[in-house]
Amino acid sequence: FGAGVVCAMVPAIVLAAGGSSRMGWPKALLPIGRDTFLSRILRTLAEADADDLLVVVGPDAARIEASLAGLDLAVRLIENPAWERGQLSSLQAGLLAADRPGVRGVLVTLVDLPLVSAATVRQVLEAYRRNSSVPIVRPVRDQRHGHPVVLGRALFEELRAADPAAGAKPVIQAHLHAAVDVPVTDEGAFLDIDTRDDYERLIGPWPGG
């Protein structure tokens, strides 16, 4: 992966490095229609004209890479050797790989939100590109905030320096006064699939019975 990747102003980072302990199955590899969670998200990001697709992976890196072999998209897999330290450590690994001259922010989403629509991704990206000085852009519906989220360059250093044990929340909360909320009707932006019950309720029968 990586051939033909070009510099993008807002690279897209999919966080897929968790151990999936509650699910008992790597979330990135769970089936959803003809796709896996991860391939569906990557197709959605590409449909929304997101560039420079990065996926941060952890203990299932080899299986995830194999699962993307037939995907006709340029994708960079970024291994997070410290994935057990939590989600912020994966975001930090993604930032390290994504940041380069010309990058103004990153679009971040989670592998357990496969139902988000390309329209939502496009709305969030367009809102940021209209005013790339804002620190955060995120979708909102009924006072709920979802994914994907754009994190502006103004936050990069703070996120890099943050303690993985505390997560990204303190950094995000410190800048919410300047965040831009994008109203969307897409329920998929808020549906995180964390457990087997979530999967069976939102997707269908658990694979393998």
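Details of the structure are given in the entry above.
For the structure given in this document, a descriptive report is provided here. Everything quoted here is computed from the prediction, not taken from an experiment. (Residues numbered from 1 in each chain as written. Predicted model: local features only at pLDDT ≥ 70, side-chain atom pairs only at ≥ 80, totals over all residues. Heavy atoms only, no water.)

This part is about the overall build of the chain. When you go through the chain residue by residue, the secondary structure sums to seven helices and ten strands. A compact globule built from 209 residues should have a C-alpha radius of gyration of about 17 Å, and the chain, at 16 Å, falls within 12% of that. Taken along its principal axes, the extent of the C-alpha atoms in the chain is 50 × 40 × 35 Å. Burial analysis of the chain (209 residues in total) assigns 53% to the buried set. Here the contacts in the chain between residues at least 6 apart in sequence split such that 73% fall between residues at least 24 apart. Surface accessibility of the chain: about 9,600 Å² in total, with carbon and sulfur atoms responsible for 50%. Looking at the chain, you have 21 positive and 25 negative side-chain charges, and the mean spots of the two groups are 2 Å apart. (Helix = DSSP H or I, 4+ residues; strand = E, 2+ residues; numbered from the N terminus. Rg over C-alpha atoms; globule rule 2.2 N^0.38 Å. Buried < 20%, exposed > 50% of the residue type's maximum accessible area, 1.4 Å probe, protein only. Contact = heavy atoms within 4.5 Å. Areas by Shrake-Rupley, 256 points an atom, 1.4 Å probe, with all protein chains shown as cover. Lys, Arg positive; Asp, Glu negative; His and termini not counted. Charge placed at Lys NZ, Arg CZ, Asp CG, Glu CD.)

For the rest of this paragraph, the subject is the pairing of strand β1 (residues 11-16). The buried count for β1 comes to six of six residues, which makes it a mostly enclosed element. Residues Pro11, Ile13 and Leu15 line one face of β1 and the alternating positions Ala12, Val14 and Ala16 line the opposite face, and both faces are buried. By the bridge criterion, six bridges tie β1 to strand β4 (residues 51-57) in an arrangement that is parallel. Residue pairing across strands places Pro11 opposite Asp51, the latter belonging to β4. Direction of pairing for β1 relative to strand β6 (residues 105-110): parallel, over a ladder of four bridges. Bridging across to β6, Ile13 finds its partner in Val108. (Pairing = 2+ DSSP bridges.)

Bringing helix α4 (residues 118-130) into the picture now. Side chains of residues three or four places apart in an α-helix project in the same direction, reflecting 3.6 residues per turn. Taking 1.5 Å per residue as the helical rise, α4 with its 13 residues ought to reach 18 Å, and the 18 Å between its terminal C-alpha atoms agrees with that figure. Restricting attention to buried positions, one finds in α4 the residues Ala118, Thr120, Val121, Val124, Leu125, Ala127 and Tyr128. In this structure, the buried side of α4 is in contact with α1 (37-47), β6, β7 (136-141), β9 (149-152) and β10 (180-183). (Expected span 1.5 Å × (residues − 1).)

All right, on to the environment of Val57 then. Checked against the element boundaries, Val57 lands in strand β4. In the structure, Val57 is positioned 115 residues away from Ile172 in sequence and 23 Å away in space, judged by C-alpha atoms. Excluding its chain neighbours within four sequence positions, the residues that come into contact with Val57 are Ala16, Ala17, Ile64, Leu77, Ile78, Glu79 and Asn80.

Counted as a void, the largest pocket has a volume near 540 Å³. What lines the largest pocket is a set of 19 residues, and nearest its centre among them are His147, Val149, Ala168, Lys169 and Ile172. Elements that contribute at least two residues to the lining of the largest pocket include exactly α3 (87-98), β6, β7, β9 and α6 (169-174). The residue inventory of the lining of the largest pocket, partitioned by class, reads eleven nonpolar, six polar and two charged. In terms of lining residues, the second largest pocket is bounded by 23 residues, among which Ala17, Gly18, Gly19, Lys27 and Gln87 are the most central. Of the residues that constitute the lining of the second largest pocket, the class distribution is ten nonpolar, seven polar and six charged. (1 Å grid on protein atoms, 1.4 Å probe; cavity = no way out; pocket = protein on both sides within 12 Å on 5 of 7 lines; lining within 4 Å. Points joined across faces, edges and corners; volume = space filled by probe spheres on them. Nonpolar A, V, L, I, M, F, W, Y, C, P; charged D, E, K, R; others polar.)

Time to look at the packing of α1 against α4. Helix-helix packing: each pair is described by the crossing angle between the helix axes and the interaxial distance. One way to put it is that α1 packs onto α4 with a least axis distance of 8 Å and a crossing angle of 50 degrees. In terms of orientation, α1 lies oblique with respect to α4. Crossing hand, α1 versus α4: right-handed. Residue-level inspection shows Thr44, Leu45 and Glu47 of α1 in contact with α4, the latter providing Ala118, Val121 and Arg122. (Axes fitted to C-alpha atoms, helices over the stretch in contact; angles between N-to-C directions. Parallel < 35°, antiparallel > 145°, perpendicular 65-115°, else oblique. Left-handed = near helix turned anticlockwise from the far one by under 90°.)

These results come straight from atomic positions and should not be treated as a statement about function.
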